[in-house]
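# Tertiary structure, described
Spelled out, the chains give:
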Amino acid sequence: MTAFSQQEYRERTRRLRQRMAECGIDAMLVLNEGNINYLTGYEGYSDYVPQVALVSQDEEDPWLILREMDTLCATPTVYLPESRVLSYAEKYIGSSQRTPWEPIGELVRERAKSNRIGLEMTAKGFGVKDHTALANSLDLSRAIDADGMLSKLQAVKSPAELAYMEQAGKIVDRAMQVARLEVAAGARECDVGAAIASAVIKGTPDIPGGPCYGSPTMPVGSPANAPHLKWSDASYKMGCQTNFELGAYRHRYACALSRTVFLGEPTPRAQHLHKAALDGFLAEVETIRPGVKCSDVWHAFQRAFKPYGVRKESRSGYSIGLDWVDGGGSFHEDDHTVIEPNMAFHVLIGIFEKDDGYIFSETVRVTENAAVSLSNMSRDLLVNFG
């Protein structure tokens, strides 16, 4: 059963074909698995081997080209008829003499009537050698870099996509509550991570959790200032903090949520960081609305945050959706993306400096006149005392 209707998938392909026409592309090879999923519903999680969705200007539906065994993953998840799911033989996998890009190129050549082909150049698993192998099988002399083309289409979500993100929001709230309660003196960091992962996968009594992209991010320290660490072999001690950045998924659609949890009384500096992060966050959320630019949101954050004298060089948020970061706008000084209704953003106030560490974030959706958070998690300073 597909996550969306046939009509919605076809509308996505129609909008992509329109964008392709504007860029002079007659056929496009979609290589990122998230984008393949976006166009077809495919949920095989098999992007460690070459796979392609081929979109042609003169056809309503894409072709899906997979490793032979992975066609069995397509049958229950894509909206396409079996006749549009193609495969290459297993002999091309794990061979130093053969490459899957050879049969993929042949299959594309049989169906693409032009060499004005768009390619997702920086797709996972499509390096220099892969490009060379595909070029040996397919004429890429007039290939066009199509990186980011689908990201722009994904920035504005449909009601069905937003519904999945809202469901993921309920799951991630529950997971964050678990994270907070599990932090205690003597608790193993790995056990806290396991409890979070279990909560994300279980979901709620009414909403099943989806597969996780990566394990919980939860650096522990005094302060916790490393942005992307997981747990360690250690056990919790009084006086430390944990920066939890969690995500839950429904049919690959993400809702992210971050909080810092203190084990024992926070220092005055930590309390100062919380106030700075919260004021900056609120300034952003109050600014986000249709017609505003991403750069305007960044400036609103700076006006609220800078008086606290805290250094923060990273962006303060970004577009979120399919597979978490979906490549839309970012809250940067020079990102002039105009915000539209039904966009969604991870408003992320992450402070990762030598002497300071703090994180606070929520996912918001843009309505006709405001930004609405998908979280009901407390915004108070989170402290455990034992």
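Attention in this report is confined to the structure presented alongside it.

## Digging into the overall build of the protein chain
Each helix and strand in the protein chain was counted, giving ten helices and 15 strands. In terms of overall dimensions, the protein chain has a C-alpha envelope of 65 × 45 × 40 Å along the principal axes. Residue burial in the protein chain is summarised as follows: out of 386 residues, 54% are buried. Contacts in the protein chain between residues far apart in sequence, at least 24 positions, make up 67% of those at least 6 positions apart. One finds the centroid of the 41 positive side-chain charges in the protein chain at a distance of 1 Å from the centroid of its 50 negative side-chain charges.

## Describing helix α1 (residues 6-22)
Here α1 is 17 residues long and its end C-alpha atoms lie 25 Å apart, about the 24 Å a rise of 1.5 Å per residue gives. All of the buried residues in α1 are Glu8, Tyr9, Arg12, Thr13, Leu16, Arg17 and Met20. Gly24 occupies a position one or two residues after α1 and carries a positive phi of about 75°.

## Some details on the side chain of Arg259
Position of Arg259 relative to the elements: it lies in strand β9 (residues 253-263). Accessibility expressed as a relative area gives 1% for Arg259, which makes it buried. Of the polar contacts made by the side chain of Arg259, one reaches the side chain of Glu362; its length is 2.7 Å.

## Brief notes about the nonpolar core
Counting 66 residues, the largest nonpolar core has Leu16, Met28, Val30, Leu64, Ile196, Tyr236 and Phe244 as its most contacted members. Take this core: its biggest share by element is nine residues, from helix α7 (residues 159-182). In contact with Ile196, other than residues within four places in its own chain, are Ala175, Val178, Ala179, Pro216, Met218, Phe244 and Leu246. Formed by 29 residues, the second largest nonpolar core is a distinct cluster that contains Ala276, Phe281, Ile339 and Ile351.

## Describing the packing of helix α9 (residues 268-287) against helix α10 (residues 294-305)
Packing of α9 against α10 brings their axes to within 8 Å, and their N-to-C directions diverge by 150°. The handedness of the crossing between α9 and α10 comes out as right-handed. On α10, the residues touching Ala276, Ala277, Asp279, Gly280, Ala283, Glu284 and Thr287 of α9 are Asp296, Val297, Ala300, Phe301, Ala304 and Phe305.

## Side note on the pairing of strand β12 (residues 344-352)
By the criterion of burial, β12 is predominantly enclosed, with eight of the nine residues buried. Across two bridges, the pairing between strand β10 (residues 318-321) and β12 is antiparallel. Across the sheet, the residue bridging to Ser319 is Phe345, located in β12. Sheet topology note: the β12/strand β13 (residues 357-366) ladder contains nine bridges and is antiparallel. Bridge pairing links Val347 to Glu362 in β13.

## Some remarks on the pattern of salt bridges
A full pass over the atoms with the stated rule returns 22 salt bridges. Across the pair Glu11 and Arg15 runs a salt bridge, and its minimum N-O distance is 3.9 Å. With Glu11 and Arg15 both in helix α1 and four residues apart, this pair spans about one turn of that helix. By relative accessible area, Arg15 is classed as partly exposed at 23%. Between Arg84 and Glu59 there is a salt bridge whose closest N-O contact spans 3.3 Å. Taken as a pair, Arg84 in the loop between α3 (71-74) and β4 (85-88) and Glu59 in the loop between β2 (52-56) and β3 (63-67) lie far apart in primary sequence, 25 residues in all. With a relative accessible area of 21%, Glu59 lands in the partly exposed category.

## Focus: the side chain of Arg17
Residue position: Arg17 is located in helix α1. Buried and without a salt bridge, Arg17 has Glu60 as its closest oppositely charged side chain, separated by 6.4 Å. One polar contact links the side chain of Arg17 to the main-chain carbonyl oxygen of Glu59, over a distance of 3.3 Å. The residues contacting Arg17, other than those within four sequence positions of it, are Val55, Ser56, Gln57, Glu59 and Glu60.

## Observations concerning the environment of Glu362
Considering the arrangement of structural elements, one finds Glu362 in strand β13. With near-sequence residues (within four places) excluded, Glu362 lies in contact with Ala256, Leu257, Arg259, Phe281, Phe345, His346, Val347, Ser373, Ser375, Met377 and Arg379. Of the polar contacts made by the side chain of Glu362, one reaches the side chain of Ser373; its length is 2.5 Å.

## Let's talk about the environment of Thr77
Summarising the element assignment, Thr77 is placed in the loop between α3 and β4. Overall, Thr77 belongs to the buried group, its relative accessible area being 16%. When the C-alpha positions of Thr77 and Thr2 are compared, they lie 5.1 Å apart, and in sequence the two are 75 residues distant. Excluding residues that lie within four positions of it along the chain, Thr77 makes contacts with Thr2, Thr40, Gly41, Tyr42 and Glu43. In terms of polar contacts, Thr77 uses its side chain to reach the backbone carbonyl oxygen of Cys73, at 2.8 Å.

## What to know about the packing of α7 against helix α8 (residues 189-202)
Contact geometry of α7 with α8 gives a least axis separation of 8 Å together with a crossing angle of 160°. For the element pair α7 / α8, the angle class is roughly antiparallel. In this structure, the crossing between α7 and α8 has a hand that is right-handed. The residues of α8 that touch α7, namely those facing Ile171, Ala175, Val178, Ala179 and Glu182, are Val192, Ala195, Ile196, Ala199 and Val200. Looking at side-chain class alone, the contact of α7 with α8 contains nine nonpolar, no polar and one charged residues.

## Quick look at helix α4 (residues 101-111)
Every buried residue of α4 is listed here: Trp101, Pro103, Ile104, Gly105, Leu107, Val108 and Arg111. In the core, the buried residues of α4 are packed alongside β1 (27-30), β2, β3, β4 and α5 (128-137).

Thresholds, definitions, all that
Throughout this document, residue positions are counted from 1 along each chain, in the order its sequence is written. Reporting in this predicted model follows two pLDDT cut-offs: at least 70 for local features of residues, and 80 or more for side-chain atom pairs to be given and counted; totals over whole chains, interfaces and linings ignore these cut-offs and use all residues. Side-chain measures here rest on the full set of heavy atoms in the structure, leaving out hydrogens and waters. Elements are defined by DSSP. Helices are runs of H or I of four residues or more, strands are runs of E of two residues or more, and each kind is numbered from the N terminus. Note on exposure labels: buried denotes an accessible area under 20% of the residue type's maximum, exposed denotes more than 50%, and partly exposed covers the range between, all computed with a 1.4 Å probe on protein chains only. Contact criterion: two residues are considered in contact whenever any of their non-hydrogen atoms come within 4.5 Å of each other. Within this scheme the basic residues Lys and Arg register as positive and the acidic residues Asp and Glu register as negative, but His and the chain ends are omitted. Just so you know, the charge point we use is NZ for Lys, CZ for Arg, CG for Asp and CD for Glu. Here, expected helix span is obtained from the residue count minus one, scaled by 1.5 Å. Between N or O atoms, a polar contact is any pair within 3.5 Å; within protein, one atom must be a potential hydrogen donor and the other a potential acceptor, and residues adjacent in sequence are included only when both atoms are from side chains. Put simply, a nonpolar core is a bunch of buried Ala, Val, Leu, Ile, Met, Phe, Trp, Tyr and Cys residues held in one set by side-chain atoms that sit within 4.5 Å of each other. For helices, the fitted line uses only the C-alpha atoms of the stretch in contact; every axis is such a line through C-alpha atoms, and the angle between N-to-C directions lies from 0 to 180 degrees. We call a crossing left-handed when the near helix sits turned anticlockwise from the far one by less than a right angle, and right-handed when that turn is clockwise. Here, a strand pair is defined by DSSP locating no fewer than two bridges between the strands. One speaks of a salt bridge when a side-chain nitrogen belonging to Lys or Arg is within 4 Å of a carboxyl oxygen belonging to Asp or Glu. We call two directions roughly parallel when the angle between them is under 35 degrees, roughly antiparallel when it is over 145, roughly perpendicular when it lies between 65 and 115, and oblique otherwise. When residues are sorted by character, Ala, Val, Leu, Ile, Met, Phe, Trp, Tyr, Cys and Pro go into the nonpolar class, Asp, Glu, Lys and Arg into the charged class, and all the rest, Gly among them, into the polar class.

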